[in-house]
Amino acid sequence: MTYKTPFTKWLELESGKVKDPVLVQQRHLSDLKGLFYDAEAEAERLRDNPLIYEVYLAYDGEAQEGQLGYSTTLIYPGKVGDEYFFTKGHYHAKGDRAELYYCLKGEGYLLMQSPNGAVNAQFMSAGAGSYVPPYWGHRTVNTGQERFVFLAVYPADAGYDYGTIAENGFASLMVEKDGKAALVSNPNFSRS
Ligand code: M6P
Ligand code: ZN
């Protein structure tokens, strides 16, 4: 038996970055191609290909059962057409793994959908600790004017299934309507 050495990673609350991250992932619009419902608006914005969000990985270790992965995500403010910037969204490859999000800055929504067709949206602003139960697909959306930052903690062996969302889309969308964030059904959503 080997025992992992304890460690601390510092989260920069203002910027949303992790100091000395293990990995930084940057997602531009081109990495999310086909996910925004308004294809014309997406094609238009692809010309300047904005940076949509960044993930700072803090967990330094193997994707092993029993360990916890953690990372911060910062989603920049902005829209494609009237749809707010969001993360790709995923199910866990090991579907029975849950996840916890803790909001550090800004505001937005955690959108979730279960395999039997239920949808759920949790509002998050600094202090919100929002729970993603096993089997629910999850995506976060920045509906505010500043960056939306949260810490995510998840079983290190949860893994990612991006394929289901790439294929079917997400059931619900957050769009700006009369100057406010509104949850609407995705006209392009298909259930497999
Ligand atoms: C959170 C966690 C990460 C995830 C990231 C971005 O930090 O859930 O595991 O990678 O959000 O979400 P996505 O992988 O869907 O782009
Ligand atoms: Zn997850």
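Attention in this report is confined to the structure presented alongside it. This one's a predicted model, so the numbers in the text were calculated from it and none came from an experiment.

A short note on the overall build of the protein chain
Scanning the protein chain from terminus to terminus reveals 2 helices and 13 strands. Relative to the globule expectation of 16 Å for 192 residues, the C-alpha radius of gyration of the protein chain, 16 Å, shows essentially globular dimensions. If you line up the protein chain on its principal axes, its C-alpha atoms span 55 × 35 × 30 Å. A burial count over the protein chain gives 45% of its 192 residues as buried. For the protein chain, contacts bridging at least 24 residues in sequence account for 68% of all contacts bridging at least 6. Within the structure as shown, the protein chain displays about 10000 Å² of accessible surface, and the carbon and sulfur contribution to it stands at 49%. Charge separation in the protein chain, taken as the distance between the mean sites of 18 positive and 24 negative side-chain charges, equals 1 Å.

Focus: the pattern of salt bridges
Within this structure, the stated rule accounts for 8 salt bridges. For aspartate 157, the salt bridge goes to arginine 97, with nearest N and O atoms at 2.6 Å. Of this pair, aspartate 157 sits in the loop between strand 11 (148-155) and helix 2 (163-168) while arginine 97 sits in the loop between strand 5 (83-84) and strand 6 (99-105), placing them 60 residues apart in sequence. Of the two residues, aspartate 157 and arginine 97, neither departs from the other in class, the shared state being buried. Bridged by salt links that share partners, the residues Lys94, Asp96, Arg97 and Asp157 form one connected network.

Regarding the site of ligand 1
Taken together, 15 residues lie around ligand 1, and Tyr53, Thr73, Glu99, Tyr160 and Tyr162 are the ones closest in. One nitrogen or oxygen atom from the side chain of tyrosine 101 is found 2.9 Å from an oxygen atom belonging to ligand 1. A total of 370 Å² of accessible area belongs to ligand 1 in isolation, and the protein chains cover 98% of it. For the shell around ligand 1, the element with the most residues is strand 11, which contributes 3 residues.

Quick word on the coordination of the zinc ion (ligand 2)
Every protein donor of the zinc ion (ligand 2) is accounted for by His90 (NE2), His92 (NE2), Glu99 (OE) and His138 (NE2), and the metal-donor separations fall at 2.0 to 2.2 Å. Metal-centred angles of 86 to 158° between the 4 donor atoms at the zinc ion (ligand 2) mark the site as irregular. When the donor residues of the zinc ion (ligand 2) are listed from N- to C-terminus, their spacing reads H-x1-H-x6-E-x38-H. The pair histidine 90 / glutamate 99 is uniform in exposure class, with both members buried.

What to know about the side chain of serine 15
Tracing the backbone shows serine 15 in the segment before strand 1 (23-28). Overall, serine 15 belongs to the buried group, its relative accessible area being 18%. One polar contact links serine 15 to glutamate 12, side chain to side chain, over a distance of 3.2 Å. Among residues more than four places away in sequence, those in contact with serine 15 are Leu74, Arg147 and Val149.

Things to note about the nonpolar core
Judged by nonpolar contacts, the single largest core of 31 residues is most densely connected at Leu32, Met124 and Phe150. Within the residue set of this core, elements represented by two or more residues are strand 2 (51-57), strand 6, strand 7 (107-113) and strand 11. At 4 residues, strand 11 tops the list of elements feeding residues into this core. Not counting chain neighbours up to four residues away, the residues in contact with phenylalanine 150 comprise Ser71, Thr72, Thr73, Ile75, Tyr101, Tyr102, Cys103, Leu104, Met124 and Thr140.

Some points on unusual backbone geometry
In this model, aspartate 20 sits at a positive phi of 50°, which is unusual for a non-glycine residue. Here aspartate 20 shows up in the segment before strand 1. Aspartate 20 sits in the exposed class, given a relative accessible area of 56%.

How each quantity is defined
Residues numbered from 1 in each chain as written. Chains lettered and ligands numbered in written order. Predicted model: local features only at pLDDT ≥ 70, side-chain atom pairs only at ≥ 80, totals over all residues. Heavy atoms only, no water. Helix = DSSP H or I, 4+ residues; strand = E, 2+ residues; numbered from the N terminus. Rg over C-alpha atoms; globule rule 2.2 N^0.38 Å. Buried < 20%, exposed > 50% of the residue type's maximum accessible area, 1.4 Å probe, protein only. Contact = heavy atoms within 4.5 Å. Areas by Shrake-Rupley, 256 points an atom, 1.4 Å probe, with all protein chains shown as cover. Lys, Arg positive; Asp, Glu negative; His and termini not counted. Charge placed at Lys NZ, Arg CZ, Asp CG, Glu CD. Salt bridge = Lys/Arg side-chain N within 4 Å of Asp/Glu carboxyl O. Near = heavy atom within 4 Å. Polar contact = N/O pair within 3.5 Å; in protein donor to acceptor, adjacent residues only side chain to side chain. Donors = N, O, S within 2.8 Å, 3.2 Å for Na, K, Ca; no water. Tetrahedral: all angles 85-135°; square planar, octahedral: opposite > 155°, others 65-115°. Core = buried A, V, L, I, M, F, W, Y, C linked by side-chain atoms within 4.5 Å.

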